Amino acid sequence: MRVESNVRPSGLRSDLADSAGAVNGDARRALVLASGLASIPYAGEGCTAQLFDTLSTLAAADLTAARVAEAHLDALAILHQAGRPARPDQTWGVFAAEGPGTALTATRTGDRWRLDGTKLWCSLAGLLSHALVTAHVVGAAGDRGRRLFAVDLRHPGVTAHDDVWVARGLSEVTSGPVDFVAVTADAVGDQGWYLRRPGFAWGGIGVAAVWWGGAVGVARTLYAAAERRPPDQIGLAHLGAVDLAVTGSRLAIAAAAAAIDAGEADGTAGSLLAARVRGIVARSVDEVIFHVGHALGPAPLALDARHAQRVADLQLYVRQHHAERDDAALGEMLVTRGSAPW
């Protein structure tokens with residue numbers, strides 16, 4: 001499975017897929033796999049297609065493996081951009097979601113910072129060693145704003161609430177709230193740097209590469225069924241529709257990787273590219289799940305544990321795309337440009 005025909009030798013891809021398959025939904029095994037991916041290139045340094053190919057290869061085999069690896073690699077890329085490389089024995093996540101009714105604040109204490117409050121959607125906070133966390137700075141007017149911080153999650157003031165996670169998809173990638181009480185942290189970049197940096201948009205496309213890989217895994221179930229029993233015309237129509245969805249997303253991700261490496265995906269261009277690619281892939285995921293379900297009926301969902309888990313994982317994960325709201329945000333970007341985009 002390739003984003004580009006010459007991205008990775010097939011033997012390495014096969015080994016990667018086998019390693020991901022062995023994770024089989026286990027978050028601890030996924031962390032071990034993720035921490036061993038140190039040689040994967042960073043986006044924007046000439047081999048972005050290899051990064052996206054790695055993520056999609058993992059996802060086609062096991063979405064837990066890919067979900068954990070994507071977050072760890074994204075954190076390493078952010079630290080790399082900030083000139084703060086991580087140690088090999090550390091496992092990282094990125095906690096940047098915002099939600100109503102909660103706030104995580106940061107207060108300067110000498111050369112370091114203190115975090116207090118609650119952060120939502122903190123994936124694997126109970127298993128990771130470290131995380132990059134966004135918080136709202138309080139104090140002197142010159143310091144105020146949203147800023148990124150590096151945190152040791154083994155600090156006694158960190159409390160992860162994994163018990164609130166009841167999802168059937170990605171069930172071991174618990175993503176509950178975390179309470180921070182007087183937790184020491186180090187600033188990574190200045191105010192707003194996390195959102196301004198080019199890699200923010202590129203990371204969003206990396207997530208889409210995972211969605212696409214998951215869709216490929218679901219699509220393979222349909223193709224395997226067609227190999228076992230020749231499909232009728234309706235089955236062939238579903239297979240063709242799945243191919244269009246998967247191929248369209250593959251081409252979009254490949255084009256995005258090329259644009260990133262060509263320096264054509266910075267600033268507003270990067271934001272627009274990410275919105276388009278994520279929207280294209282999210283639609284493809286929904287189409288693949290729809291057509292495979294209609295073509296095969298309930299049997300694989302009821303009797304094939306890996307397929308049933310993959311569908312549940314993918315349906316949850318792709319909802320990080322906010323459907324019509326993200327479409328509206330894309331439309332606003334297009335209008336703001338002031339010229340027809342097509």
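Predicted model only: the values in this text are computed from it and were never measured.

Things to note about the packing of helix H6 (residues 199–228) against helix H10 (residues 305–317)
Thinking step 1. Closest axis-to-axis distance for the H6/H10 pair is 10 Å, and the angle between their directions is 150°. Put simply, H6 runs roughly antiparallel to H10. H10 is crossed by H6, and the crossing has left-handed handedness. Here Val207, Val210, Trp211, Gly214, Ala215, Gly217, Val218 and Thr221 of H6 lie close against H10, whose contacting residues are His307, Arg310, Val311, Leu314 and Tyr317.
Thinking step 2. Split by residue class, the contact of H6 with H10 holds 8 nonpolar, 4 polar and 1 charged.

Side note on the confidence of the model for the chain
Thinking step 1. A residue-level look at the chain finds 95% of positions with pLDDT of 70 or above and a mean pLDDT of 93.
Thinking step 2. Counting interchain partners and residues more than four positions distant, the pLDDT-below-50 stretch residues 1–9 has 37 contacts.

A look at the environment of Phe290
Thinking step 1. As for its placement among the helices and strands, Phe290 is situated in helix H8 (residues 267–296).
Thinking step 2. Sequence separation between Phe290 and His238 is 52 residues; the distance between their C-alpha atoms is 9.1 Å.

Thoughts on the pairing of strand S7 (residues 175–187)
Thinking step 1. With 8 bridges joining them, strand S3 (residues 112–123) and S7 adopt antiparallel strand pairing. Among the inter-strand pairings, Trp113 is bridged to a residue of S7, identified as Ala185.
Thinking step 2. Two strands pair when backbone bridges link them, and strand S5 (residues 145–152) and S7 are joined in this way by 3 bridges, in the antiparallel orientation. By the bridge assignment for S7, Phe149 is matched with Ala187.
Thinking step 3. As paired elements, strand S6 (residues 158–160) and S7 share 3 bridges and run antiparallel to each other. Note that in S7 the partner of Ala160 across the bridge is Val178.

Brief notes about the packing of aromatic side chains
Thinking step 1. The tally for this structure, following the rule as stated, stands at 4 aromatic pairs.
Thinking step 2. Measuring from centroid to centroid gives 6.3 Å for Trp121 and Trp165, while their planes differ by 90°, and the two rings are edge-to-face. Placement of Trp121 in strand S3 and of Trp165 in the loop between S6 and S7 is noted, with a sequence separation of 44 residues between them.
Thinking step 3. Taking NZ or CZ as reference, Arg197 lies 5.8 Å from the ring centre of Trp193, over its face.

Digging into the pattern of salt bridges
Thinking step 1. Tallying each qualifying case throughout the model produces 12 salt bridges.
Thinking step 2. With its nearest N and O atoms 3.1 Å apart, the salt bridge here joins Lys119 to Glu98. Residue Lys119 is found in strand S3, and its partner Glu98 is found in the loop between strand S1 (92–95) and strand S2 (104–109); the two are separated by 21 residues along the sequence.
Thinking step 3. Given the relative accessible area of 40%, Glu98 is considered partly exposed.
Thinking step 4. Across the pair Arg154 and Asp152 runs a salt bridge whose closest N-O atoms are separated by 3.0 Å.
Thinking step 5. With relative accessibility at 31%, the residue Asp152 sits in the partly exposed group.

Definitions and limits used
Residues numbered from 1 in each chain as written. Predicted model: local features only at pLDDT ≥ 70, side-chain atom pairs only at ≥ 80, totals over all residues. Heavy atoms only, no water. Axes fitted to C-alpha atoms, helices over the stretch in contact; angles between N-to-C directions. Helix = DSSP H or I, 4+ residues; strand = E, 2+ residues; numbered from the N terminus. Parallel < 35°, antiparallel > 145°, perpendicular 65-115°, else oblique. Left-handed = near helix turned anticlockwise from the far one by under 90°. Contact = heavy atoms within 4.5 Å. Nonpolar A, V, L, I, M, F, W, Y, C, P; charged D, E, K, R; others polar. pLDDT = per-residue confidence, 0-100. Pairing = 2+ DSSP bridges. Phe/Tyr/Trp six-rings, centres within 6.5 Å; stacked < 30°, edge-to-face > 60°. Lys NZ or Arg CZ within 6 Å of the ring centre and 35° of its normal. Salt bridge = Lys/Arg side-chain N within 4 Å of Asp/Glu carboxyl O. Buried < 20%, exposed > 50% of the residue type's maximum accessible area, 1.4 Å probe, protein only.

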